[in-house]
Amino acid sequence: MNGIEINDVTKTFGDTLALNQVSLTFEPHKIYGLLGRNGAGKSTLLNIITNRLFADSGQVTIDGLSSVENDMTQGLLYLMSEKNLYPESMTCNEAFKWTKQFFKDFDLDYALNLAKQFKLDPRKKIRSLSTGYTSIFKIITALSVNTPYVLFDEPVLGLDANHREMFYRILIEKYSDNPFTAIISTHLIDEIANLLEYVMIIKNGEILVNESCETLLSKGYSVTGTIKHVDTFIADKEVIGEDVLGGLKTATIIGPINKSTLPDGIEITNLDLQKLFIKLTNEE
Amino acid sequence: MQINFEDERPIFVQIADGIEDAILTGAFEESGQIPSITELSVSYKINPATALKGISTLVDEGIIFKKRGVGMFVAPGAVSKLRDKRKELFFDHYIKKLIEEAKKLGITNEEILGMVERGYQE
(Lines give C-alpha, C1' and ligand atoms only; values in the text may rest on other atoms or scores of the structure.)
Protein backbone atom coordinates (compact mmCIF):
# COMPACT_ATOMS: atom_id res chain seq x y z
CA MET A 1 0.00 0.00 0.00
CA ASN A 2 1.30 3.42 -0.89
CA GLY A 3 0.52 6.76 0.63
CA ILE A 4 -0.30 8.04 4.07
CA GLU A 5 -3.35 6.28 5.48
CA ILE A 6 -5.08 7.64 8.52
CA ASN A 7 -7.58 5.28 9.99
CA ASP A 8 -10.09 6.28 12.65
CA VAL A 9 -7.74 8.58 14.54
CA THR A 10 -9.00 10.30 17.69
CA LYS A 11 -7.04 12.72 19.83
CA THR A 12 -8.11 14.63 22.91
CA PHE A 13 -6.33 17.30 24.95
CA GLY A 14 -8.03 17.25 28.36
CA ASP A 15 -11.70 17.96 27.64
CA THR A 16 -11.03 19.11 24.11
CA LEU A 17 -11.70 16.70 21.29
CA ALA A 18 -9.06 17.76 18.76
CA LEU A 19 -9.63 14.98 16.22
CA ASN A 20 -12.73 12.83 16.12
CA GLN A 21 -12.43 9.48 14.30
CA VAL A 22 -10.60 10.93 11.34
CA SER A 23 -9.97 8.68 8.34
CA LEU A 24 -8.09 9.96 5.30
CA THR A 25 -5.70 8.85 2.60
CA PHE A 26 -2.98 10.96 1.06
CA GLU A 27 -1.93 9.37 -2.22
CA PRO A 28 1.61 9.60 -3.59
CA HIS A 29 2.60 12.40 -5.97
CA LYS A 30 -0.31 14.72 -5.35
CA ILE A 31 -0.66 18.20 -3.91
CA TYR A 32 -3.16 18.41 -1.07
CA GLY A 33 -4.65 21.41 0.65
CA LEU A 34 -5.44 20.83 4.31
CA LEU A 35 -7.79 23.65 5.21
CA GLY A 36 -9.48 24.59 8.42
CA ARG A 37 -10.04 27.50 10.73
CA ASN A 38 -7.75 28.16 13.67
CA GLY A 39 -8.07 25.33 16.17
CA ALA A 40 -9.81 23.00 13.71
CA GLY A 41 -7.21 20.24 14.21
CA LYS A 42 -4.90 20.66 11.19
CA SER A 43 -1.64 20.90 13.12
CA THR A 44 -2.68 18.10 15.46
CA LEU A 45 -3.21 15.84 12.44
CA LEU A 46 0.16 16.77 10.89
CA ASN A 47 1.88 16.22 14.24
CA ILE A 48 0.29 12.79 14.64
CA ILE A 49 1.39 11.75 11.14
CA THR A 50 4.96 12.74 11.97
CA ASN A 51 4.95 11.18 15.42
CA ARG A 52 5.32 14.41 17.37
CA LEU A 53 2.01 13.60 19.03
CA PHE A 54 0.42 10.22 19.64
CA ALA A 55 -3.19 9.48 18.80
CA ASP A 56 -5.49 8.25 21.59
CA SER A 57 -6.81 5.63 19.18
CA GLY A 58 -6.62 4.74 15.50
CA GLN A 59 -3.67 4.07 13.18
CA VAL A 60 -1.48 5.95 10.78
CA THR A 61 0.44 4.01 8.16
CA ILE A 62 3.05 5.31 5.74
CA ASP A 63 3.41 3.15 2.62
CA GLY A 64 1.68 0.37 4.55
CA LEU A 65 3.90 0.52 7.65
CA SER A 66 2.91 1.86 11.06
CA SER A 67 4.20 5.37 11.68
CA VAL A 68 4.50 5.03 15.45
CA GLU A 69 8.11 5.05 16.70
CA ASN A 70 9.28 3.81 13.32
CA ASP A 71 12.50 5.44 12.06
CA MET A 72 12.04 4.01 8.62
CA THR A 73 8.64 5.57 8.01
CA GLN A 74 9.63 8.82 9.68
CA GLY A 75 12.51 9.10 7.24
CA LEU A 76 9.92 9.30 4.45
CA LEU A 77 8.26 12.36 5.97
CA TYR A 78 9.26 15.92 6.57
CA LEU A 79 7.10 18.37 8.50
CA MET A 80 7.70 22.07 8.21
CA SER A 81 5.97 23.23 11.36
CA GLU A 82 5.34 26.52 13.06
CA LYS A 83 7.75 25.56 15.80
CA ASN A 84 11.44 25.90 15.13
CA LEU A 85 13.16 22.74 16.36
CA TYR A 86 16.74 23.81 15.67
CA PRO A 87 18.83 25.33 18.47
CA GLU A 88 18.43 29.05 17.99
CA SER A 89 22.14 29.83 18.17
CA MET A 90 22.72 27.66 15.11
CA THR A 91 23.36 29.37 11.78
CA CYS A 92 21.32 28.42 8.74
CA ASN A 93 24.41 26.79 7.22
CA GLU A 94 24.86 24.58 10.29
CA ALA A 95 21.18 23.72 10.32
CA PHE A 96 21.35 22.65 6.67
CA LYS A 97 24.34 20.43 7.46
CA TRP A 98 22.54 18.81 10.39
CA THR A 99 19.46 18.24 8.28
CA LYS A 100 21.69 16.37 5.83
CA GLN A 101 22.72 14.08 8.71
CA PHE A 102 19.11 13.08 9.30
CA PHE A 103 17.81 13.14 5.74
CA LYS A 104 20.34 11.58 3.39
CA ASP A 105 18.69 12.98 0.25
CA PHE A 106 18.86 16.58 1.50
CA ASP A 107 20.34 18.61 -1.38
CA LEU A 108 22.69 21.21 0.09
CA ASP A 109 23.51 22.87 -3.25
CA TYR A 110 19.83 23.26 -3.99
CA ALA A 111 19.21 24.73 -0.52
CA LEU A 112 22.01 27.27 -0.95
CA ASN A 113 20.72 28.16 -4.38
CA LEU A 114 17.23 28.78 -2.95
CA ALA A 115 18.78 30.85 -0.14
CA LYS A 116 20.39 33.02 -2.79
CA GLN A 117 17.08 33.39 -4.66
CA PHE A 118 15.31 34.44 -1.47
CA LYS A 119 18.28 36.62 -0.42
CA LEU A 120 18.71 34.71 2.84
CA ASP A 121 22.26 34.94 4.17
CA PRO A 122 22.95 31.37 5.36
CA ARG A 123 25.66 32.59 7.75
CA LYS A 124 22.99 34.23 9.87
CA LYS A 125 21.84 32.68 13.10
CA ILE A 126 18.29 31.32 13.01
CA ARG A 127 17.53 33.37 16.12
CA SER A 128 18.35 36.62 14.32
CA LEU A 129 15.91 36.04 11.45
CA SER A 130 12.67 38.01 11.10
CA THR A 131 9.32 36.14 11.10
CA GLY A 132 9.29 36.17 7.30
CA TYR A 133 12.86 34.94 6.98
CA THR A 134 12.29 32.25 9.61
CA SER A 135 9.53 30.95 7.33
CA ILE A 136 11.84 31.23 4.33
CA PHE A 137 14.56 29.25 6.12
CA LYS A 138 12.00 26.53 6.93
CA ILE A 139 10.59 26.53 3.38
CA ILE A 140 14.08 26.10 1.94
CA THR A 141 14.78 23.17 4.25
CA ALA A 142 11.44 21.53 3.41
CA LEU A 143 11.98 21.94 -0.33
CA SER A 144 15.50 20.50 -0.15
CA VAL A 145 14.98 17.36 1.97
CA ASN A 146 13.64 15.30 -0.95
CA THR A 147 11.50 13.00 1.15
CA PRO A 148 8.51 11.47 -0.69
CA TYR A 149 6.09 13.24 1.67
CA VAL A 150 6.51 16.87 2.64
CA LEU A 151 4.03 18.46 5.04
CA PHE A 152 3.84 22.25 5.17
CA ASP A 153 2.12 23.79 8.19
CA GLU A 154 1.48 27.47 7.41
CA PRO A 155 4.43 27.80 5.04
CA VAL A 156 3.80 31.40 4.01
CA LEU A 157 3.44 32.88 7.50
CA GLY A 158 4.89 36.39 7.48
CA LEU A 159 6.01 36.22 3.85
CA ASP A 160 5.45 39.25 1.64
CA ALA A 161 3.54 38.85 -1.65
CA ASN A 162 6.74 38.55 -3.73
CA HIS A 163 8.17 35.82 -1.53
CA ARG A 164 4.85 33.96 -1.52
CA GLU A 165 4.81 34.01 -5.34
CA MET A 166 8.38 32.68 -5.32
CA PHE A 167 7.41 29.87 -2.98
CA TYR A 168 4.46 28.81 -5.17
CA ARG A 169 6.65 28.96 -8.29
CA ILE A 170 9.48 26.93 -6.77
CA LEU A 171 7.00 24.41 -5.36
CA ILE A 172 5.51 23.81 -8.83
CA GLU A 173 8.94 23.56 -10.46
CA LYS A 174 10.14 21.14 -7.84
CA TYR A 175 6.95 19.07 -8.08
CA SER A 176 7.14 18.99 -11.91
CA ASP A 177 10.78 17.90 -11.96
CA ASN A 178 10.40 15.31 -9.28
CA PRO A 179 6.84 14.61 -8.10
CA PHE A 180 6.29 14.17 -4.38
CA THR A 181 3.32 14.38 -2.02
CA ALA A 182 2.82 17.87 -0.67
CA ILE A 183 0.31 18.50 2.10
CA ILE A 184 -0.16 22.20 2.59
CA SER A 185 -2.05 23.73 5.45
CA THR A 186 -2.72 27.41 4.86
CA HIS A 187 -5.16 30.24 5.49
CA LEU A 188 -4.34 32.01 2.22
CA ILE A 189 -6.72 29.85 0.22
CA ASP A 190 -7.25 32.11 -2.79
CA GLU A 191 -3.56 32.16 -3.58
CA ILE A 192 -3.12 28.43 -3.56
CA ALA A 193 -6.53 27.13 -4.70
CA ASN A 194 -5.48 26.30 -8.27
CA LEU A 195 -2.31 24.58 -7.17
CA LEU A 196 -4.22 21.97 -5.22
CA GLU A 197 -5.29 18.70 -6.71
CA TYR A 198 -7.22 17.61 -3.62
CA VAL A 199 -8.85 19.57 -0.84
CA MET A 200 -9.50 18.44 2.70
CA ILE A 201 -11.43 20.68 5.03
CA ILE A 202 -11.38 20.03 8.77
CA LYS A 203 -13.96 21.53 11.09
CA ASN A 204 -13.99 20.92 14.84
CA GLY A 205 -11.77 17.87 14.52
CA GLU A 206 -13.83 16.23 11.79
CA ILE A 207 -13.33 15.94 8.05
CA LEU A 208 -15.96 18.02 6.31
CA VAL A 209 -14.66 17.78 2.73
CA ASN A 210 -12.26 15.30 1.13
CA GLU A 211 -12.40 15.66 -2.61
CA SER A 212 -10.60 16.59 -5.79
CA CYS A 213 -10.54 20.36 -6.11
CA GLU A 214 -12.13 20.25 -9.55
CA THR A 215 -14.98 17.98 -8.44
CA LEU A 216 -15.60 20.10 -5.36
CA LEU A 217 -15.82 23.35 -7.30
CA SER A 218 -18.04 21.83 -9.97
CA LYS A 219 -20.57 20.81 -7.33
CA GLY A 220 -22.12 24.21 -7.07
CA TYR A 221 -22.26 27.77 -8.33
CA SER A 222 -23.23 31.30 -7.33
CA VAL A 223 -26.08 33.37 -8.73
CA THR A 224 -26.48 37.12 -8.60
CA GLY A 225 -29.52 39.24 -9.45
CA THR A 226 -32.32 41.27 -7.90
CA ILE A 227 -33.62 39.91 -4.60
CA LYS A 228 -36.93 38.91 -6.21
CA HIS A 229 -35.30 37.07 -9.10
CA VAL A 230 -32.79 35.26 -6.93
CA ASP A 231 -35.36 34.27 -4.30
CA THR A 232 -37.62 32.74 -6.95
CA PHE A 233 -34.70 30.93 -8.52
CA ILE A 234 -33.31 29.44 -5.30
CA ALA A 235 -36.67 28.44 -3.80
CA ASP A 236 -36.27 24.76 -4.73
CA LYS A 237 -32.46 24.56 -4.41
CA GLU A 238 -29.90 23.75 -1.74
CA VAL A 239 -28.52 27.12 -0.68
CA ILE A 240 -25.44 27.31 1.55
CA GLY A 241 -25.10 31.07 1.76
CA GLU A 242 -26.79 34.33 0.87
CA ASP A 243 -25.53 37.91 0.77
CA VAL A 244 -27.59 41.02 0.11
CA LEU A 245 -26.17 44.33 -1.03
CA GLY A 246 -28.80 46.98 -1.64
CA GLY A 247 -31.33 45.45 -4.02
CA LEU A 248 -28.88 42.82 -5.25
CA LYS A 249 -28.59 39.35 -3.89
CA THR A 250 -25.94 36.68 -4.31
CA ALA A 251 -26.66 33.08 -3.32
CA THR A 252 -24.33 30.10 -3.28
CA ILE A 253 -25.99 26.90 -4.41
CA ILE A 254 -24.98 23.27 -4.25
CA GLY A 255 -26.27 21.21 -7.15
CA PRO A 256 -25.97 20.97 -10.92
CA ILE A 257 -26.67 24.01 -13.08
CA ASN A 258 -29.51 23.62 -15.53
CA LYS A 259 -28.74 26.33 -18.04
CA SER A 260 -31.90 25.80 -20.09
CA THR A 261 -34.11 26.86 -17.18
CA LEU A 262 -32.01 29.87 -16.28
CA PRO A 263 -34.32 32.88 -15.98
CA ASP A 264 -33.45 36.34 -17.30
CA GLY A 265 -31.78 38.71 -14.88
CA ILE A 266 -29.72 36.02 -13.15
CA GLU A 267 -25.98 35.93 -13.58
CA ILE A 268 -23.94 32.82 -12.84
CA THR A 269 -20.39 32.59 -11.54
CA ASN A 270 -18.22 29.66 -10.53
CA LEU A 271 -17.73 28.61 -6.94
CA ASP A 272 -14.50 29.82 -5.51
CA LEU A 273 -12.67 27.73 -2.96
CA GLN A 274 -12.12 30.48 -0.41
CA LYS A 275 -15.78 31.59 -0.45
CA LEU A 276 -16.95 27.99 -0.27
CA PHE A 277 -14.58 27.38 2.64
CA ILE A 278 -15.95 30.39 4.52
CA LYS A 279 -19.56 29.28 3.98
CA LEU A 280 -18.84 25.72 5.07
CA THR A 281 -16.83 26.57 8.16
CA ASN A 282 -18.80 29.55 9.53
CA GLU A 283 -20.19 28.96 13.00
CA GLU A 284 -23.81 30.04 12.90
CA MET B 1 -3.47 34.23 -22.76
CA GLN B 2 -5.60 34.93 -19.72
CA ILE B 3 -7.03 32.63 -17.10
CA ASN B 4 -10.14 33.93 -15.43
CA PHE B 5 -10.88 31.98 -12.29
CA GLU B 6 -14.48 33.20 -12.20
CA ASP B 7 -15.09 31.99 -15.73
CA GLU B 8 -17.71 29.26 -16.06
CA ARG B 9 -15.25 27.10 -17.99
CA PRO B 10 -12.98 24.84 -15.95
CA ILE B 11 -9.34 25.93 -15.87
CA PHE B 12 -8.10 23.06 -18.05
CA VAL B 13 -10.57 24.10 -20.76
CA GLN B 14 -9.37 27.69 -20.50
CA ILE B 15 -5.77 26.51 -20.95
CA ALA B 16 -6.73 24.55 -24.08
CA ASP B 17 -8.83 27.43 -25.45
CA GLY B 18 -6.02 29.92 -24.73
CA ILE B 19 -3.49 27.84 -26.66
CA GLU B 20 -5.98 27.43 -29.52
CA ASP B 21 -6.42 31.22 -29.63
CA ALA B 22 -2.66 31.72 -29.68
CA ILE B 23 -2.34 29.28 -32.60
CA LEU B 24 -5.19 30.96 -34.51
CA THR B 25 -3.66 34.43 -34.10
CA GLY B 26 -0.22 33.14 -35.05
CA ALA B 27 1.38 33.76 -31.64
CA PHE B 28 2.27 30.05 -31.68
CA GLU B 29 3.20 29.05 -35.23
CA GLU B 30 2.70 25.66 -36.87
CA SER B 31 5.64 23.35 -36.11
CA GLY B 32 6.76 25.86 -33.47
CA GLN B 33 7.34 24.93 -29.85
CA ILE B 34 4.79 25.84 -27.17
CA PRO B 35 5.46 26.34 -23.42
CA SER B 36 6.02 23.21 -21.32
CA ILE B 37 3.60 21.92 -18.69
CA THR B 38 5.90 23.30 -15.99
CA GLU B 39 6.06 26.73 -17.62
CA LEU B 40 2.27 26.83 -17.98
CA SER B 41 1.75 25.69 -14.39
CA VAL B 42 4.23 28.20 -13.02
CA SER B 43 2.94 31.19 -14.94
CA TYR B 44 -0.70 30.56 -14.05
CA LYS B 45 0.00 29.08 -10.61
CA ILE B 46 -2.01 25.97 -11.39
CA ASN B 47 -1.47 22.33 -10.60
CA PRO B 48 0.61 20.61 -13.31
CA ALA B 49 -2.13 17.94 -13.57
CA THR B 50 -4.58 20.68 -14.63
CA ALA B 51 -2.20 22.01 -17.29
CA LEU B 52 -1.56 18.48 -18.51
CA LYS B 53 -5.30 17.83 -18.81
CA GLY B 54 -5.69 20.95 -20.98
CA ILE B 55 -2.77 20.00 -23.22
CA SER B 56 -3.94 16.39 -23.49
CA THR B 57 -7.23 17.44 -25.07
CA LEU B 58 -5.22 19.28 -27.76
CA VAL B 59 -2.91 16.31 -28.25
CA ASP B 60 -5.93 14.02 -28.68
CA GLU B 61 -7.36 16.36 -31.31
CA GLY B 62 -4.07 16.38 -33.22
CA ILE B 63 -3.48 20.11 -32.64
CA ILE B 64 -0.36 19.60 -30.53
CA PHE B 65 2.20 16.83 -30.70
CA LYS B 66 4.88 15.81 -28.26
CA LYS B 67 8.49 15.04 -29.06
CA ARG B 68 9.91 12.90 -26.33
CA GLY B 69 12.56 14.74 -24.38
CA VAL B 70 12.27 17.85 -26.51
CA GLY B 71 8.90 19.43 -25.85
CA MET B 72 5.52 20.12 -27.37
CA PHE B 73 4.90 21.55 -30.82
CA VAL B 74 2.02 22.88 -32.89
CA ALA B 75 1.05 20.25 -35.48
CA PRO B 76 1.28 21.20 -39.16
CA GLY B 77 -2.25 21.91 -40.37
CA ALA B 78 -3.39 22.87 -36.87
CA VAL B 79 -4.68 26.29 -37.97
CA SER B 80 -7.10 24.97 -40.59
CA LYS B 81 -8.20 22.20 -38.25
CA LEU B 82 -8.94 24.76 -35.53
CA ARG B 83 -10.75 27.07 -37.97
CA ASP B 84 -13.08 24.23 -38.99
CA LYS B 85 -13.74 23.36 -35.37
CA ARG B 86 -14.37 26.96 -34.34
CA LYS B 87 -16.66 27.55 -37.33
CA GLU B 88 -18.81 24.66 -36.21
CA LEU B 89 -19.06 26.17 -32.75
CA PHE B 90 -19.63 29.68 -34.06
CA PHE B 91 -23.39 29.26 -34.39
CA ASP B 92 -23.83 27.85 -30.88
CA HIS B 93 -21.41 30.23 -29.18
CA TYR B 94 -22.20 33.50 -30.90
CA ILE B 95 -25.27 33.48 -33.14
CA LYS B 96 -27.61 31.88 -30.62
CA LYS B 97 -26.59 34.37 -27.93
CA LEU B 98 -26.85 37.24 -30.37
CA ILE B 99 -30.41 36.34 -31.31
CA GLU B 100 -31.38 35.75 -27.70
CA GLU B 101 -30.20 39.24 -26.71
CA ALA B 102 -31.74 40.79 -29.86
CA LYS B 103 -35.12 39.29 -29.02
CA LYS B 104 -34.87 40.71 -25.50
CA LEU B 105 -34.25 44.16 -26.94
CA GLY B 106 -36.79 43.85 -29.74
CA ILE B 107 -34.19 44.04 -32.53
CA THR B 108 -35.46 42.56 -35.80
CA ASN B 109 -33.74 40.20 -38.20
CA GLU B 110 -33.28 43.05 -40.72
CA GLU B 111 -31.78 45.35 -38.11
CA ILE B 112 -29.22 42.66 -37.14
CA LEU B 113 -28.26 42.13 -40.76
CA GLY B 114 -27.78 45.88 -41.11
CA MET B 115 -25.53 45.92 -38.07
CA VAL B 116 -23.48 42.98 -39.36
CA GLU B 117 -22.98 44.86 -42.61
CA ARG B 118 -21.89 47.96 -40.71
CA GLY B 119 -19.53 45.88 -38.57
CA TYR B 120 -17.78 44.42 -41.60
CA GLN B 121 -17.35 47.87 -43.15
CA GLU B 122 -15.81 49.48 -40.07
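Per chain, residue numbering runs from 1 following the sequence as it is written. Here chains are named by letter from A upward and ligands by number from 1 upward, in the order in which they appear as written. Side-chain atom pairs in this predicted model are given and counted only at pLDDT of 80 or more, local residue features only at pLDDT of at least 70, and totals for whole chains, interfaces and linings cover all residues.

Let's talk about the overall build of chain A
So, step 1. Helix numbers and strand numbers start at the N terminus; a helix is a DSSP run of H or I with at least 4 residues, a strand a run of E with at least 2. Along chain A, the regular secondary structure elements total 10 helices and 14 strands.
So, step 2. Exposed residues have 12 or fewer other C-beta atoms within 10 Å of their own C-beta, buried residues have 20 or more, and residues in between are partly exposed; the C-beta atoms are placed from the backbone. Per-residue burial over chain A gives 36% buried out of 284 residues.
So, step 3. Counting only contacts in chain A whose residues sit at least 6 apart along the sequence, the fraction spanning at least 24 positions is 67%. Residue pairs are scored as contacts if the distance between their C-beta atoms, which are placed from the backbone, is within 7 Å.

Thoughts on the overall build of chain B
So, step 1. Helix and strand counts for chain B come out as 5 helices and 3 strands.
So, step 2. In chain B, the succession of α and β elements from N to C terminus is α-β-α-α-β-β-α-α.
So, step 3. It is over C-alpha atoms that the radius of gyration is taken, and the globule rule equals 2.2 Å times the number of residues to the power 0.38. What you see for chain B is a C-alpha radius of gyration of 18 Å, clearly larger than the 14 Å of a compact globule of 122 residues, by over 25%.
So, step 4. Once the C-alpha set of chain B is aligned to its principal axes, its extents read approximately 55 × 30 × 25 Å.
So, step 5. Within the span of chain B, comprising 122 residues, buried residues form 22% of the whole.
So, step 6. Here the analysis covers contacts within chain B between residues at least 6 apart in sequence; of these, 52% occur between residues at least 24 apart.

Looking at the interface of chain B and chain A
So, step 1. Every contact between the two is made by 16 residues of chain B and, on the other side, 16 residues of chain A.
So, step 2. Of all the secondary structure elements, the ones that give two or more residues to the side of chain B that touches chain A are helix H2 (37-44) and helix H3 (48-60) of chain B.
So, step 3. Element by element, the count of residues in the side of chain B that touches chain A is highest for H2 of chain B, at 4 residues.
So, step 4. When residues are grouped by polarity, Ala, Val, Leu, Ile, Met, Phe, Trp, Tyr, Cys and Pro land in nonpolar, Asp, Glu, Lys and Arg in charged, and all others, Gly among them, in polar. When its residues are assigned to classes, the side of chain B that touches chain A shows 8 nonpolar, 4 polar and 4 charged.

Thoughts on the sheet that holds strand E2 (residues 16-26) of chain A
Residue and element names in this part refer to chain A.
So, step 1. One bridge is not enough; two strands pair if DSSP finds at least two bridges between them. Pairing is antiparallel across the open sheet formed by 4 strands, whose spatial order is E2-E1-E4-E5. Each end of this open sheet is capped by a strand with a single partner; those strands are E2 and strand E5 (65-66).
So, step 2. Sheet topology note: the strand E1 (residues 4-13)/strand E4 (residues 57-62) ladder contains 5 bridges and is antiparallel. Looking at E4, one finds that Glu5 is bridged to Thr61.

Some points on the nonpolar core
Residues and elements named next belong to chain A.
So, step 1. Nonpolar cores are identified as sets of buried Ala, Val, Leu, Ile, Met, Phe, Trp, Tyr and Cys residues joined via C-beta atoms within 7 Å. One finds Tyr32, Ile140, Leu151, Ala182, Leu196 and Met200 to be the most contacted residues of the largest nonpolar core, which totals 89 residues.
So, step 2. Take this core: its biggest share by element is 7 residues, from helix H5 (residues 131-144).
So, step 3. In this view, Met200 contacts Leu24, Tyr32, Gly33, Leu34, Leu35, Ile207, Val209 and Asn210; residues no more than four positions away in its chain are not counted.
So, step 4. Ranked by size, the runner-up nonpolar core spans 5 residues in total, among them Val223, Val230, Ala251 and Ile253.

Description of helix H5 (residues 109-121) of chain B
So, step 1. To estimate the expected span of a helix, subtract one from its residue number and multiply by 1.5 Å. The end-to-end C-alpha separation of H5 of chain B is 19 Å, in line with the 18 Å expected for 13 residues at 1.5 Å each.
So, step 2. Burial runs low along H5 of chain B: only 0 of the 13 residues are buried.

Remarks on the packing of helix H4 (residues 108-118) of chain A against H5 of chain A
Residues and elements named next belong to chain A.
So, step 1. Where helices are involved, their axes are fitted lines through C-alpha atoms of the stretch in contact, as for all axes, and angles between N-to-C directions lie from 0 to 180°. It is the contact of H4 with H5, at a shortest axis distance of 9 Å, that shows an interaxial angle of 145 degrees. Note on packing geometry: the crossing formed by H4 with H5 is right-handed. Here H4 contributes Tyr110, Ala111, Leu114, Ala115 and Phe118 to the contact with H5, which in turn contributes Ile136, Ile140, Thr141, Leu143 and Ser144.
So, step 2. Split by residue class, the contact of H4 with H5 holds 8 nonpolar, 2 polar and no charged. Helix crossings are classified by the rotation of the near helix relative to the far one: an anticlockwise turn of less than a right angle makes the crossing left-handed, while a clockwise turn makes it right-handed.

Considerations on the environment of Asn47 of chain B
So, step 1. Tracing the chain through its elements places Asn47 of chain B in the loop between H2 and H3.
So, step 2. Measuring from C-alpha to C-alpha, the distance between Asn47 of chain B and Phe12 of chain B comes to 10.0 Å, with 35 residues separating the pair along the chain.

Things to note about the pairing of E4 of chain A
So, step 1. Two strands pair when backbone bridges link them, and E4 of chain A and E5 of chain A are joined in this way by 2 bridges, in the antiparallel orientation. Directly across from Thr61 of chain A, in E5 of chain A, lies its bridge partner Ser66 of chain A.

Notes on unusual backbone geometry
So, step 1. You will see that Asn51 of chain A, though not glycine, has its phi angle at about 70 degrees, which is positive.
So, step 2. On the secondary structure map, Asn51 of chain A appears in the loop between helix H1 (42-49) and E4.
So, step 3. Phi is positive for Lys45 of chain B, close to 50 degrees, though the residue is something other than glycine.
So, step 4. Structurally, the position occupied by Lys45 of chain B is in the loop between H2 and H3.

What to know about the sheet that holds strand E6 (residues 77-80) of chain A
Pairing between sheet strands relies on hydrogen bonds along the backbone, with the strands arranged either parallel or antiparallel.
Residue and element names in this part refer to chain A.
So, step 1. Taken in spatial order, the 6 strands make up an open sheet running E6-E7-E8-E3-E9-E10, and their pairing is mixed. Two strands lie at the open edges of the sheet, namely E6 and strand E10 (206-212), each paired on one side alone. Sheet twist, expressed as the mean angle between neighbouring strand axes with direction ignored, is 15 degrees.
So, step 2. Across 4 bridges, strand E3 (residues 31-36) lies against strand E8 (residues 181-185) in parallel orientation. Paired with Ile31 across the strands is Ala182, a residue of E8.

A short note on the confidence of the model for chain B
So, step 1. Values of pLDDT, ranging from 0 to 100, describe the predictor's confidence in every residue of the model. On average, residues of chain B score 90 in pLDDT, and 98% of them are at 70 or above.
So, step 2. Both scores are given for the predicted complex: the pTM is 0.86, the ipTM 0.77.

Considering the packing of helix H6 (residues 161-177) of chain A against H2 of chain B
So, step 1. Following both chains from N to C, one finds H6 of chain A and H2 of chain B inclined at 160 degrees, their axes separated by 9 Å at the closest point. As far as their axial angle goes, H2 of chain B and H6 of chain A are roughly antiparallel. For the element pair H6 of chain A and H2 of chain B, the recorded crossing hand is right-handed. Contact with H6 of chain A, carried on its side by Arg169, Ile172, Glu173 and Ser176 of chain A, involves Ile37, Thr38, Ser41 and Val42 of chain B of H2 of chain B and no other residues of that element. Each angle gets one of four labels, with under 35 degrees taken as roughly parallel, over 145 as roughly antiparallel, 65 to 115 as roughly perpendicular, and the rest as oblique.

A look at the environment of Ile48 of chain A
So, step 1. Here Ile48 of chain A is to be found in helix H1.
So, step 2. Not counting chain neighbours up to four residues away, the residues in contact with Ile48 of chain A comprise Val9, Lys11, Leu53, Ala55 and Val60 of chain A.

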